[in-house]
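The chain contents come next:
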Number of protein chains: 2
Amino acid sequence: MDGERILVALGGNAMTAPDGSATPQAQALAVEAAMQRVAELVARGAEVALTHGNGPQVGNILIKQQLSAHVVPPVPLDWCVAQTQATIGVLIANALERALVARGMERPVSTVVTRTLVDPADRGFTDPAKPIGRYFPAAEALRFAALGQSWRDFGERGWRRVVASPEPLEILDAKAVDALMAAGHIVVAAGGGGVPMIRVDGVLRGVEAVIDKDLAGQLLARHIGATILAIATDIDHVMIGYGTASQRPLGRMTPGELRAYAAAGHFAGGSMGPKVEAAVRFVEAGGRRAVITSLEHIADGAGTIVEKE
Amino acid sequence: MDGERILVALGGNAMTAPDGSATPQAQALAVEAAMQRVAELVARGAEVALTHGNGPQVGNILIKQQLSAHVVPPVPLDWCVAQTQATIGVLIANALERALVARGMERPVSTVVTRTLVDPADRGFTDPAKPIGRYFPAAEALRFAALGQSWRDFGERGWRRVVASPEPLEILDAKAVDALMAAGHIVVAAGGGGVPMIRVDGVLRGVEAVIDKDLAGQLLARHIGATILAIATDIDHVMIGYGTASQRPLGRMTPGELRAYAAAGHFAGGSMGPKVEAAVRFVEAGGRRAVITSLEHIADGAGTIVEKE
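Residues numbered from 1 in each chain as written. Chains lettered and ligands numbered in written order. Predicted model: local features only at pLDDT ≥ 70, side-chain atom pairs only at ≥ 80, totals over all residues. Heavy atoms only, no water.

Chemist: Could you clarify how one ought to interpret the overall build of chain A in this entry?
Modeler: Within chain A, the secondary structure is distributed over nine helices and 17 strands. For a compact globule of 309 residues, the expected C-alpha radius of gyration is about 19 Å, and chain A comes in at 19 Å, within 12% of that figure. If you line up chain A on its principal axes, its C-alpha atoms span 55 × 45 × 45 Å. Out of the 309 residues in chain A, the part that is buried amounts to 57%. Counted over contacts in chain A with a minimum sequence separation of 6, partners at least 24 positions apart contribute 73%. Accessible surface, chain A as shown: approximately 12,200 Å² in total, 51% of it carbon and sulfur. Between the mean site of the 29 positive side-chain charges and the mean site of the 32 negative ones, chain A shows a separation of 1 Å. (Helix = DSSP H or I, 4+ residues; strand = E, 2+ residues; numbered from the N terminus. Rg over C-alpha atoms; globule rule 2.2 N^0.38 Å. Buried < 20%, exposed > 50% of the residue type's maximum accessible area, 1.4 Å probe, protein only. Contact = heavy atoms within 4.5 Å. Areas by Shrake-Rupley, 256 points an atom, 1.4 Å probe, with all protein chains shown as cover. Lys, Arg positive; Asp, Glu negative; His and termini not counted. Charge placed at Lys NZ, Arg CZ, Asp CG, Glu CD.)

Right, here's the structure in full:
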């Protein structure tokens, strides 16, 4: 693994308590545990960059904004994403630097605030479908909807805000990640998929959206010439027939084989779809290997492995 | 100015409307105007790093937290500082990259989430004196005080939270700034003085405090080998006898001359004290020149200039 560049994408479970709690203390403890695994990767000689999800964290910020909007003007959703990049980045940097020192390695861990370019014509903007934040009663939801937000009725559980989740086109700060890695830094970047930006008449500006962190992660991995994309999730393998009698874990796969399972609808529900899509895209675009596995196995070669041959 | 490294410290007026408003729109407009001046510096061949204040922004976040604390657990003050580094960093990066493109220069502007080490024995922690956030009625203030926060009665205007403003000892992410500048990036770092960290038994962790951004800025400037520290504020010169009949602007000064004015109490009220202290420290520590002036004059050599000879 010596000198090999690996982009590790951490799921929400790496940053929240097992019960999903995202208090500051729960986040810190979860990150500390996760960084033990990442430190193993570094100890094996990998050059590591990290990206991470931010769903619960953005959810908390949105609630704070909703409950204070009569006093303080809320900041747009892209700002909320930026905010979570910084708080999670600091937690990761502290915990990973410490885990490395405990292994006799002194390596700087740096967080780059990362902007991701999306297409203003992405269909996500005309048909926002990604639910974010908590469920709210209809009356409150409709009040926010009147201000221009999209909210959707999810039945008994209540209403939830839905936003665009556009395709990431370019990780605009990838060069900073590359320069820092070249200087020996471990880098945290593109958290929450990156701060979404559109370019209109040559002017870059933030846009209210959230970008899938695995799709952004595979793009960042390609920009920085990573050979391996490692997607950490809460199960050891991608499963087909999940939840049925014929449920089966997937081991080594070609991109074509995995695409076929995806086309057959095996990953449609839940959050595995974008992870599979990210892994396949990375290898199709020339990446040597994508791995989807649990955080526990991120350094040991287990999991669902996607390779061309 | 070719190849000369300059650390520019931007005051709050570079990021808020003239009336102090810190709505997202007001922040974006103010930053856009400020970046025209910074772009001039870059056009003259300077290698620029930027730091910035964040008072109104942290104030807004604290209010959101106070009004939602019954639903979402508030995050600690150091996390709030981190959040403002990211949002302001994105605004600066977008605006400065654009201002440079308009001048025919394509330069990446990158934001590093920056941690600053402070001493857990700093007297600020036993006697917190830095007011942050808005004024609150006594009843609300005392409710937060009961949770362990320090609040102080400011008379007719109400109560305000006071926190430690410890001395910055080390900008922990300065190496990242250095590596990015070496790779040709303009870097935004140590916003709001940096995310305050203490090290206890070898373990780094965040602490509830705010660090003066000019004192942190002069330290960052020294860490990255900047030759010039430029502190942008809302007046063209440091003044002595400010507000009196004998009011007089200061031009070229030695550190000793400026220290003597400080010792005589000329900068005690208001926010000029830390700026003067930062400028003096930078030059005493070997920096070639410190400048305190308005943003308008940041690129033209006007202002109060501190140099050894």
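Moving on from the model shown.
Chemist: Help me understand the relation of the copies chain B and chain A in this model?
Modeler: Between the two copies of the chain lies a relationship made up of a rotation around an axis and a movement along it. For the match of chain B to chain A, the screw axis carries a shift of 0.0 Å, the RMSD comes to 0.0 Å, and the turn is 180 degrees. Interpreted geometrically, this transformation is the action of a two-fold axis. Taking C-alpha positions as reference, the residue of chain B nearest the rotation axis is Gln 83 of chain B, located at 2.1 Å. An overlap of 100% is found between the interface residues of chain B and their copies at the interface of chain A, pointing to a shared contact surface. (Least-squares fit on C-alpha atoms with pLDDT ≥ 70 in both.)

Chemist: What exactly am I supposed to notice about the pairing of strand 12 (residues 228-233) of chain B here?
Modeler: Where a strand is regular, its side chains alternate between the two sheet faces. Residue and element names in this part refer to chain B. The buried fraction of strand 12 is high, at six of six residues. The alternating pattern of strand 12 places Ile 228, Ala 230 and Ala 232 and Leu 229, Ile 231 and Thr 233 on opposite faces, both of which are buried. Bridge count between strand 1 (residues 5-10) and strand 12: five bridges; the pairing is parallel. Bridge pairing in strand 12 links Leu 7 to Leu 229. When strand 12 meets strand 16 (residues 289-294), the two strands line up parallel, connected through six bridges. Directly across from Ile 231, in strand 16, lies its bridge partner Ile 292. (Pairing = 2+ DSSP bridges.)

Chemist: What is the right way to read the packing of aromatic side chains from this model?
Modeler: Aromatic ring pairs: the centre-centre distance and the angle between the two ring planes describe each pair. Residue and element names in this part refer to chain A. As enumerated under the stated definition, the model contains eight aromatic pairs over all chains in all. Ring geometry for Tyr 135 against Phe 154: centres 6.0 Å apart, planes inclined by 85 degrees, an arrangement best described as edge-to-face. Placement of the pair is Tyr 135 in strand 5 (residues 130-136) and Phe 154 in the loop between strand 6 (150-153) and strand 7 (159-163), with a sequence separation of 19 residues. Note on Tyr 135: relative accessible area 28%, which makes it partly exposed. Residue Phe 154 is classed as partly exposed on the basis of its relative accessible area of 32%. (Phe/Tyr/Trp six-rings, centres within 6.5 Å; stacked < 30°, edge-to-face > 60°.)

Chemist: It is not clear to me how the sheet that holds strand 10 (residues 195-200) of chain B should be interpreted in this structure. Could you clarify?
Modeler: Strand pairing in a sheet takes place through backbone hydrogen bonds and is either antiparallel or parallel in direction. As summarised here, the arrangement of the four strands in space is 8-4-10-11 (chain B), forming an open sheet in which the pairing is mixed. The open sheet has two free edges, formed respectively by strand 8 (170-171) and strand 11 (203-206) of chain B, since each of these has just one partner strand. Pairing geometry for strand 4 (residues 115-117) of chain B and strand 8 of chain B, over two bridges, is antiparallel. The residue bridging Leu 117 of chain B from the neighbouring strand is Glu 170 of chain B, located in strand 8 of chain B. Helix 3 (residues 77-102) of chain A contacts strand 4, strand 10 and strand 11 of chain B of the sheet and is inclined by roughly 170 degrees relative to strand 11 of chain B. Lying over the sheet, helix 3 (residues 77-102) of chain B contacts strand 10 and strand 11 of chain B, oriented at roughly 135 degrees with respect to strand 10 of chain B. (Axes fitted to C-alpha atoms, helices over the stretch in contact; angles between N-to-C directions.)

Chemist: What am I meant to see in the sheet that holds strand 4 (residues 115-117) of chain A here?
Modeler: Residue and element names in this part refer to chain A. The strand order 8-4-10-11 describes an open sheet built from four strands, whose pairing is mixed. Strands with a single pairing partner mark the edges of an open sheet, and in this sheet they are strand 8 (170-171) and strand 11 (203-206). Both strand 4 and strand 10 (residues 195-200) contribute to a ladder of three bridges, which runs parallel. Note that in strand 10 the partner of Arg 115 across the bridge is Val 195.

Chemist: How do you make sense of helix 6 (residues 174-182) of chain A when you look at a structure like this?
Modeler: In an α-helix, one turn spans 3.6 residues, which is why side chains three or four residues apart end up on the same side. All of the buried residues along helix 6 of chain A are Ala 174, Ala 176, Val 177, Ala 179, Leu 180 and Met 181 of chain A. Where helix 6 of chain A terminates, the next one or two residues include Gly 184 of chain A, which has phi positive at roughly 95 degrees.

Chemist: Hey, could you run me through the interface of chain B and chain A in this one?
Modeler: Often, the extent of an interface is quoted as the loss of accessible area upon association of its parts. Contacts between chain B and chain A engage 48 residues on the former and 48 residues on the latter. Across the chain B to chain A interface the summed buried area is about 3,800 Å²; carbon plus sulfur atoms make up 71%. When the area that chain B buries against chain A is broken down by residue, the three leading residues are Lys 64, Trp 79 and Arg 115 of chain B, summing to 17%. Scanning the region where chain B abuts chain A turns up two salt bridges. In this structure, Arg 115 of chain B and Glu 97 of chain A form a salt bridge, with 2.9 Å as the shortest nitrogen-oxygen distance. On inspection of chain B and its partner chain A, the count reaches 10 residue pairs in polar contact (both at pLDDT 80 or more). Put simply, the parts of the chain that give the side of chain B that touches chain A at least two residues each are helix 1 (24-43), helix 2 (55-68), helix 3, strand 3 (109-113), helix 6 (174-182), strand 10 and strand 11 of chain B. By residue number, the principal contributor to the side of chain B that touches chain A is helix 3 of chain B, which donates 11 residues. Residues that form the side of chain B that touches chain A fall into these classes: 27 nonpolar, 13 polar and eight charged. (Buried area = accessible area lost by both parts, 1.4 Å probe. Salt bridge = Lys/Arg side-chain N within 4 Å of Asp/Glu carboxyl O. Polar contact = N/O pair within 3.5 Å; in protein donor to acceptor, adjacent residues only side chain to side chain. Nonpolar A, V, L, I, M, F, W, Y, C, P; charged D, E, K, R; others polar.)

Any link to function would need more than the numbers given here.
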